[in-house]
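Structural overview for review
The residues making up each chain are set out below.
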Amino acid sequence: MFGWDHTFEALVATIAADFITNFDPDWDCSWIAEVDGVFAGSAFVVKVDAKVSKLRLIILDQNAQGLGIGRALLNACIHFAQSKGYKKMTLWTNDVQKAARALYATGGFTLVHEEPGHDFGVDLVAETWERPL
């Protein structure tokens, strides 16, 4: 979709494997969304430390975009993090992720850091966003 190469899939696989390997049910959670029994999206919350959580792998299938699933996943992650007593949620994305960035902005996140680089076979601007909980 963005002209990214196989290294993006490798990153997703690594993040998912780390989540499974280090899963702590007291601090971490994941959601898989389905539409009519078919995968529609996912989202993960992981512990950075006792006060900070990180949103990971909020990914939507193209066929599920526009159905409100991204918002529902984001809201579930925020609610979970708040219920665990986290004070802040952070996330990492890229400048080309226009729909995701709009979702994060309307979800109370603000852009706190940008860094140009070359990832997934293309030039991108990596972004860190944060939200108080």
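Residues numbered from 1 in each chain as written. Predicted model: local features only at pLDDT ≥ 70, side-chain atom pairs only at ≥ 80, totals over all residues. Heavy atoms only, no water.

**Re the nonpolar core**
Among the nonpolar cores identified, the biggest contains 23 residues, and L55, I58, L74, M89, Y104 and F109 are the most heavily contacted of them. Taken together, the elements giving at least two residues each to this core come down to β1 (29–35), β2 (38–47), β3 (52–60), α2 (69–83), β4 (88–94) and α3 (98–106). Residue contributions to this core peak at 7 residues, all from α2. Leaving out residues up to four positions away in the same chain, Y104 has contacts with L55, I58, L74, L91, T93, F109 and W129. By size, the runner-up hydrophobic cluster in this structure holds 6 residues, among which are F19, F44, V46 and L57. (Core = buried A, V, L, I, M, F, W, Y, C linked by side-chain atoms within 4.5 Å. Buried < 20%, exposed > 50% of the residue type's maximum accessible area, 1.4 Å probe, protein only. Helix = DSSP H or I, 4+ residues; strand = E, 2+ residues; numbered from the N terminus. Contact = heavy atoms within 4.5 Å.)

**Some details on the pairing of strand β5 (residues 110–119)**
Bridge count between β5 and strand β6 (residues 122–132): 9 bridges; the pairing is antiparallel. Among the inter-strand pairings, G117 is bridged to a residue of β6, identified as L124. The hairpin turn running from β5 into β6, its antiparallel successor, is 2 residues long, and F120 in that turn takes a positive phi close to 60°. (Pairing = 2+ DSSP bridges.)

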